[in-house]
Amino acid sequence: MKELIDHVAVVTSVNHKYGDRAALDDVSLEIPSGCMAGLIGPDGVGKSTLLALVAGVRKVQKGMVETLGGDMQKWSHRRDCLTRIAYMPQGLGKNLYPTLSIQENLEFFGRLFGLNRRQRRQRIADLLAATGLSSFAGRPAGKLSGGMKQKLGLCCALIHEPDLLILDEPTTGVDPLSRRQFWELIGRMRKRRPQMSVIVATAYMEEADQFDWLAALDDGQIIATGSPFELKLQTGAETLEQAFINLLPDCKKQERTEVIVPPRKSDDGEIAIAAIGLTKCYGDFVAVDHVSFEIERGEIFGFLGSNGCGKTTTMKMLTGLQPATEGESKLFGKTLNARDMQTRRRVGYMSQSFSLYEELSVYQNLELHAHIFQIPNRQIRDRLQSLLERFELDEVRDSKPTSLPIGVRQRLQLAVALLHRPEILILDEPTSGVDPIARDGFWRHLIELSRKDGVTIFISTHFMNEAERCDRISLMHAGKVLAVGTPSDLIREKEAASLDDAFVSFLEQDIAAIEEPEAVRDIVKEAAPKSSTTKERIFELRRMLAYTIRETKELLRDPIRLIFAIIGPIILMITFGYGISFDVEDLPYAVLDQDQTLESRKLLENFSGSRYFTEHDPISNAKELEFRLRSGELKFAIEIPPGFGQNLLAGRSPEVGILLDGAMPFRAETARGYVQGVISQYLNALSLQRRGVPLQISPAVIETRFLYNQAFKSTYAITPGVIMLLCILIPSMMTAVGIVREKEMGSITNFYATPVTQVEFLLGKQLPYVLLAYINFISLFLLIMFLFDVPMKGSFFALAVGALLYVWTTTGFGMLVSAFVKSQIAAIFATSIVAMVLTMNFSGFLTPVSTLGGGARFMGLFFPAPYFQQISVGTITKALDFPDLWSNHVSLALFALVFFFVAALLVRKQEK
Amino acid sequence: MMLGRIHRIYRLGVKELYSVKSDPVLVFLLIWAFTFMIYQVAENAKMEVIDASVAVIDEDRSELSRRIADSFLKPYFKPAVIISADRVDTVLDTGEFIFVVDIPPKFEADVLTGQMPEVQVNVDATAMSIAGNGASYISNIITQEVRSFLDQTELIDALPLNLVVRAKFNPNLNSSWFMAVMQIVNNITLLAMILTGAALIREREHGTIEHLLVMPVRSADIMIAKIWANGLIIIVAAAISLLVIVEGALQVPILGSKGLFIGGAVFYLFSITSLGIFLATLAGSMPQFGLLTILIYIIMNLLSGSTTPLESMPYWLQQTMQFSPSTHYVSFSQAVLYRGAGVEIVWPELLAMFGIGCAFFLLALWRFRKAIVRFS
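Since this is a predicted model, take the numbers as computed values, not measurements.

Trainee: Looking at this structure, I do not really get the overall build of chain A. What am I missing?
Mentor: Secondary structure summary: chain A contains 34 helices and 25 strands in total. A compact globule built from 912 residues should have a C-alpha radius of gyration of about 29 Å, whereas chain A, at 37 Å, is more than 25% larger. Taking the principal axes of its C-alpha atoms as reference, chain A extends roughly 125 × 70 × 50 Å. Each of the 912 residues in chain A was classed as buried or not, and the buried ones make up 52%.

Trainee: Got a minute to help me understand the overall build of chain B in this structure?
Mentor: The helix and strand inventory of chain B stands at 15 helices and five strands. Rg of the C-alpha trace for chain B: 27 Å, well past the compact-globule value of 21 Å for 376 residues, more than 25% over. By its C-alpha atoms, chain B is 95 × 45 × 40 Å across when sized along the principal axes. For chain B, with 376 residues in total, the buried portion stands at 57%. Intrachain contacts of chain B at a sequence separation of at least 6 include 80% that bridge at least 24 residues.

Trainee: Explanation requested: the interface of chain B and chain A in the structure shown.
Mentor: One frequently used descriptor of interface size is the decrease in accessible area upon assembly of the parts. Contacts between the two partners involve 122 residues from chain B, matched on the other side by 124 residues from chain A. The greatest single-element share of the side of chain B that touches chain A, amounting to 13 residues, is contributed by helix α6 (residues 128-149) of chain B. Partitioning the side of chain B that touches chain A into residue classes produces 69 nonpolar, 35 polar and 18 charged. Relative to strand β5 (residues 162-168) of chain B, strand β24 (residues 655-661) of chain A runs parallel, the two being bridged by seven bridges. In the strand pairing of β5(B), I658(A) is matched with V165(B).

Trainee: Explanation requested: the domain arrangement of chain A in the structure shown.
Mentor: Residues and elements named next belong to chain A. Parsing chain A into structural domains produces domain 1 (2-93 + 163-252), domain 2 (271-514), domain 3 (587-691) and domain 4 (713-906). Distance between the C-alpha centres of domain 1 and domain 4: 47 Å. Each partner contributes to the interface: domain 1 provides eight residues, whereas domain 4 provides six residues. Tallied by class, the residues present in the side of domain 1 that touches domain 4 amount to five nonpolar, two polar and one charged.

Trainee: What should I look at first to understand unusual backbone geometry in this one?
Mentor: Residues other than glycine predominantly adopt negative phi, and peptide bonds predominantly adopt the trans conformation. Positive phi, normally seen in glycine, also occurs at E495(A), with a value near 50°. By the secondary structure assignment, E495(A) is in the loop between α18 (487-494) and α19 (499-514). E495(A) gets classed as exposed once you count the C-beta atoms within 10 Å, which come to 9. With a phi close to 50°, M116(B) is a non-glycine residue in the positive phi region.

Trainee: I would appreciate a short explanation of helix α8 (residues 175-205) of chain B in the present structure.
Mentor: Two residues of an α-helix separated by three or four positions point the same way, owing to the 3.6 residues in each turn. All names here are of chain B. With 31 residues, α8 ought to run about 45 Å at 1.5 Å a step, and its terminal C-alpha atoms sit 44 Å apart, in line with that. Among the 31 residues of α8, 30 are classified as buried, and the element is accordingly described as predominantly covered. With its phi angle positive at about 80°, G207 sits one or two positions after the end of α8.

Trainee: It is not clear to me how the environment of L317(B) should be interpreted in this structure. Could you clarify?
Mentor: In this fold, L317(B) is placed in helix α13 (residues 315-321). Exposure remark for L317(B): the 16 C-beta atoms within 10 Å place this residue in the partly exposed category. The spacing of L317(B) and L303(B) is 14 residues in sequence and 8.7 Å in space, taken between C-alpha atoms. Excluding anything up to four places from it in sequence, L317(B) contacts T575(A), Y578(A), G579(A) and L303(B).

Trainee: Which parts of the structure should I look at to understand the pairing of strand β1 (residues 54-58) of chain B?
Mentor: Each regular strand carries side chains that alternate between the two faces of the sheet. All names here are of chain B. Burial analysis of β1 places five of its five residues in the buried class, which makes it a mostly covered element. The pairing of β1 with strand β3 (residues 99-103) spans five bridges and is classified as parallel. Bridged to I57 within β3 is D102. As defined by bridge partners, β1 adjoins strand β2 (residues 81-82) across two bridges and the pair is classed as parallel. Directly across from A55, in β2, lies its bridge partner V81. Taken together, β1, helix α3 (residues 63-70) and β2 form a β-α-β motif whose crossover is right-handed.

Trainee: Honestly, the packing of helix α5 (residues 146-158) of chain A against helix α6 (residues 176-192) of chain A in this entry has me stumped. Any pointers?
Mentor: Each pair of packed helices gets described by two things: the angle between the helix axes and the distance between those axes. Residues and elements named next belong to chain A. α6 packs onto α5 with a crossing angle of 15° between their chain directions and a minimal axis gap of 9 Å. Classed by the angle they form, the pair α5 and α6 counts as roughly parallel. Both α5 and α6 take part in a crossing whose hand is right-handed. Along its contact with α5, which presents G147, Q150, K151, L154 and L158, the element α6 presents S178, F182, L185 and M189. Class assignment of the residues belonging to the contact of α5 with α6 gives a composition of five nonpolar, three polar and one charged.

Trainee: How should I be thinking about the confidence of the model for chain B in this particular structure?
Mentor: Detailed conclusions should not be drawn from predicted coordinates in areas where pLDDT is low. Residue and element names in this part refer to chain B. The predicted model of chain B has a mean per-residue pLDDT of 85, with 96% of residues at 70 or higher. Ranking the elements of chain B by mean pLDDT puts helix α7 (residues 154-157) last with 47 and helix α11 (residues 258-282) first with 92. Within the model, pLDDT remains below 50 along residues 153-157, and this stretch shows three contacts once partners closer than five positions in the same chain are excluded. As scored by the predictor, the complex reaches a pTM of 0.84 and an ipTM of 0.85.

Trainee: Got a minute to help me understand the sheet that holds strand β11 (residues 271-282) of chain A in this structure?
Mentor: Sheets are built from strands paired through backbone hydrogen bonds, the pairs being either parallel or antiparallel. Residue and element names in this part refer to chain A. Here we have four strands laid out as an open sheet, ordered β12-β11-β14-β15, and antiparallel in their pairing. In this open sheet, the two edge strands, each paired with only one partner strand, are β12 (285-296) and β15 (334-335). Relative to β15, strand β14 (residues 326-331) runs antiparallel, the two sharing two bridges. Residue L331 lies in a different strand from β15, and its bridge partner there is K334.

Trainee: How should I be thinking about the environment of Q90(A) in this particular structure?
Mentor: Residue and element names in this part refer to chain A. Note on placement: Q90 falls in the loop between β6 (85-88) and α3 (102-112). Sequence separation of Q90 and D168 is 78 residues, and the distance between their C-alpha atoms is 5.0 Å. Setting aside residues up to four positions removed in sequence, Q90 forms contacts with S48, D168 and E169.

Trainee: I keep staring at the domain arrangement of chain B and nothing clicks. Help me out?
Mentor: Here chain B is described as being made up of domain 1 (2-46 + 174-375) and domain 2 (54-157). Centre-to-centre, using C-alpha coordinates, domain 1 of chain B lies 46 Å away from domain 2 of chain B.

Trainee: What's the story with the sheet that holds strand β18 (residues 456-460) of chain A in this structure? I'm lost.
Mentor: All names here are of chain A. Reading across from one edge, β16-β17-β18-β13-β19-β20 is the order of the six strands in this open sheet, with mixed pairing throughout. One side of each edge strand has no neighbouring strand; the edge strands of this open sheet are β16 (347-350) and β20 (480-485). Each strand axis lies, on average, 15° off the axis of its neighbour in the sheet, ignoring direction. Where strand β13 (residues 300-305) and β18 come together, four bridges link them in parallel fashion.

Trainee: Even after reading the chapter, I still don't get the nonpolar core, so can you show me in this structure?
Mentor: By size, the foremost hydrophobic cluster in this structure holds 414 residues, and its most contacted members are I166(A), A637(A) and I188(B). With 19 residues, α8(B) is the largest single contributor of residues to this core. Each residue touching A637(A), except ones within four places of it in the same chain, is listed here: Y589(A), A590(A), L592(A), I619(A), L625(A), L629(A) and L659(A).

Trainee: For this particular structure, what's the right way to read the packing of helix α29 (residues 758-786) of chain A against helix α34 (residues 882-906) of chain A?
Mentor: Residue and element names in this part refer to chain A. Between α29 and α34, whose axes approach to 10 Å, the crossing angle comes to 125°. The orientation of α29 with respect to α34, classified from their angle, is oblique. Classified by chirality, the crossing of α34 by α29 is right-handed. Contact with α29, carried on its side by Q758, V759 and L762, involves F900, A903 and A904 of α34 and no other residues of that element. Looking at the contact of α29 with α34 residue by residue, the class counts come to five nonpolar, one polar and no charged.

Trainee: Could you clarify how one ought to interpret helix α13 (residues 362-372) of chain A in this entry?
Mentor: Buried residues dominate α13(A), accounting for eight of its eleven residues. Of all the positions in α13(A), only V362(A), N365(A), L366(A), E367(A), L368(A), H369(A), A370(A) and I372(A) are classed as buried. Among the structural elements, α14 (377-390) and α15 (406-418) of chain A together with α1 (2-21) of chain B are those in contact with the buried residues of α13(A). Positive phi shows up at Q374(A), right after α13(A), with a value of about 55°.

The rules behind these values
Residues numbered from 1 in each chain as written. Chains lettered and ligands numbered in written order. Predicted model: local features only at pLDDT ≥ 70, side-chain atom pairs only at ≥ 80, totals over all residues. Helix = DSSP H or I, 4+ residues; strand = E, 2+ residues; numbered from the N terminus. Rg over C-alpha atoms; globule rule 2.2 N^0.38 Å. Buried ≥ 20, exposed ≤ 12 C-beta atoms within 10 Å, placed from the backbone. Contact = placed C-beta atoms within 7 Å. Nonpolar A, V, L, I, M, F, W, Y, C, P; charged D, E, K, R; others polar. Pairing = 2+ DSSP bridges. Domains from an automatic or database assignment. Expected span 1.5 Å × (residues − 1). Right-handed = clockwise from strand over helix to strand, strands pointing away. Axes fitted to C-alpha atoms, helices over the stretch in contact; angles between N-to-C directions. Parallel < 35°, antiparallel > 145°, perpendicular 65-115°, else oblique. Left-handed = near helix turned anticlockwise from the far one by under 90°. pLDDT = per-residue confidence, 0-100. Core = buried A, V, L, I, M, F, W, Y, C linked by C-beta atoms within 7 Å.

Here it is, written out as structure tokens:
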């Protein structure tokens, strides 16, 4: 219990690099336990990296990180202490599952930490009551406002009663009221569990002022530690913000001057933007409810409100991105028309999330947009250069946006929005996640644009000091505008001390009017202090089920995917059962009869009478014959030379020419066989007629027995193969995006930060798809039995077991691809190509495996499909049972294991 | 104005090219699919009787039975393997051999005494692609061996009629010609559909498309940019594959005009990339898109006539498949590359592909804005 004494985390000489860029540069830090510790500093200085290292989510590159008294590089310690740490990553609700309800999200986290049903029920009830979320327990996380998402995130983090809570910018992008409630909540939780240590990274200095201990970071280095009071004392500053700036090296300090907003010259009062009763409904839900306001030319108009209150939707309606359900918007007095290209040139828009191309460099992004706006080529260079300089982007002009800190990316977005010199700028939370210094710089640009160039700026923000700089602001809540006015008017109206307080009181008044707030219960119940580290088991059923249940629920919430997955194979089986056929019939042919005698007609009668052939109009000359074969109209042509009849009668063996279209070899071969058959029939008849005996062609009888499929019907041979084909393509496609999607969406963090193991994670995610694929198998099997009347000759049990092993393998194949690739596109690409080509060609579906040679045979051997093909065809048409097929079952089981373990090796338990 | 628009479309397309370039796995898969995979499929997956596996049960052990066993020659058959009589069922059950020829005891003696002995050829009829044709080859081979053993070759001359069968366009009925080109067609279909559609969904998921729509860019411009850029990538890959892999490595003599084939590919890619975009406007997320695409692709691929002949399908299905551009492109490529057909023959196919392409394009355009507003 040594770690309880003073330090919850000790970081010693840690270096961390992303590519060439150093995020942390020889950092050593001791974070005290049992208190609120904060990390402050601008963006991109390494706060998030440091937190991720302490939480064990990121792999330590160099140096030593000790959390809760143990080395985080030691696998065993990390595994054992993960249950005692809770980690909430940056970004609103990034580790939550949007289609799952609040209750279900919490259940998932509860299971991940091995809580049993009783514990889960009790803690979820407690947490929901404490956060006031009880009445929304059934609402999907994706439909929550930002503040509620963060509360839910906190509940998820606290469900296992951790000893260390790590919060990465938990209040970024959250409105003041929710922010206040959030910190009150943390305060209550700490009262309840006083031994719990909290480490927070934040961009809000006023929040940091409330913490017990702070570490200030800059450029990957610690520049100061101590209590807020100590920091202020040390630097002789009044506010923490000032203290931080004083701590910065001199070169950076100089940039910092107070942002001054010069008064706006009273303009002609032309209305640049007007919203008149704008309303947007999604079904029953009214996102924006009759919003009206007017913004004058050159005005900076601030838009405040909690996340999810309709700000973004309103802005999108003003840009024409979203059609309004009701009401209209006017730009410069003209009703907005989404298709009007001229209006679009007058507007610059910056969306909330980064929406430029990550695969293009900074300069290429600017260049692309310059071309889109058709800026004349000779002006492009100068204009881009001046933008690069103005927004201090010159240094990073060739970098990709992904490698840049948020603040820089936002500057780039602003530069892009300004590129075509718009008269109106619509900026949706441009400064969320940007540090104070960068924000000030950003605002200087805005003020210059407004005051010097007369650009109208419509901006939404969560920062009160930014709101105070606006000419006018409007407060929005739950789709309605609560108040519009200058900041000072609004403060006066509420007789508040600050804009922040005024905002909160406007909100409280409104909430009181519409929904009775649930009395937030204060549960100050002493929770039993948790015993020290317990050994974690390698496999825990409950943790695996957490993923299984979650994956199943997500699948059920996506009916389109579910329906495609279930109905799709059935439709395909029906189509292929009828469509894929080697039964060649009705071959179109025509005759070039240059003889036109009784003999030639007699010969040709044999063709026209056959069901294998369909006769087309006769051919008149060699050129036509060539043309009609070439056009594909005829699959073969019969050429009878002049004098055929005479020569035949004279016994001079005249020639009959058959010209086959060899473009499709299989069809040509079959046609040749048929033609030879017809001719020998004719010869037999001829011989009988002339000599009274059948023509003896062979001195031996050759009896051909077609086994397994006496009727020689394609259906019998093809349909078992179609089961094989569909049971790999659909299931592997279902699982192929599973892991890589979690990586792209960010929920993979839950796998890093919780004690769940690779085996539990993979198996849990795979199970629902195994079940689904087995449903596919059963439906396909029933279909071929009852629709196509294919008799089941062998052991159903052998088939059923084989199919289970097979779908296990094929879903595992998808998981393997998913663990390997980096993007969802690549996952879809790889799965479809590999599965399609190998299954179609090298698995005995259309061409028998025994005829394959070289590389193809080899590829086939290392793919599960041919083994199941053996089982499927063997049991259905060949009347086989386990004794004949067991080796295939064993092979499939081995494939399942190998795929699984390779995937487990590829999925890392930590981010690099 | 028009010129400006074209310039914009060009620029947006160049951006697409950068996107593909930035995903190395994707680039690798593209190259792999159009080179190695084409080669392997063409060389190895045969639909004609090539390298068929034959086993012989020699219960006679005579000169003649040995001659028969040795008469199965490349390229049609692998050298025959002698097995014991009790293994017939096993080897057929496991698919080890497709044909088992059973020569009875006293066969040679019976042939010499003119008693018409019976040779049994057992065929695994689940190997549909070669069972029928292979069986008739085998019976021809046996007949010929027995005849030549009896020195009865003159019998053939005695036939009252001389049947000359010639296969045009592909005299040896070599299916690697066929498979190679069909594999290119299949690759074009799959890759063009996924590349274009997924590019749109990714832009939607990353919010970049929304950003484009507030700028003076029309939905149609974005679509055309995606179509030309992704189409270009595929067409270059296909052309290289045709010249280097099919003509070079596989030594397939291409009869027809390669220019026309590539020209037709332009029409085809227009229809397929439009379809890809259309599917992307229907799907709400990448997983949905993947599933939808694979379902559509399997149908377009297996029933286009590139695998089994179109004429073998029921009439209603043949008619339905006329709505798939792949059906037209397969028959177009067969006509052009093998039969050396010119524009005067294949223009209906070109027209059909263009028409279907336009239909998908308009459908996609109609859904485009709606889908972006709805799903993002």
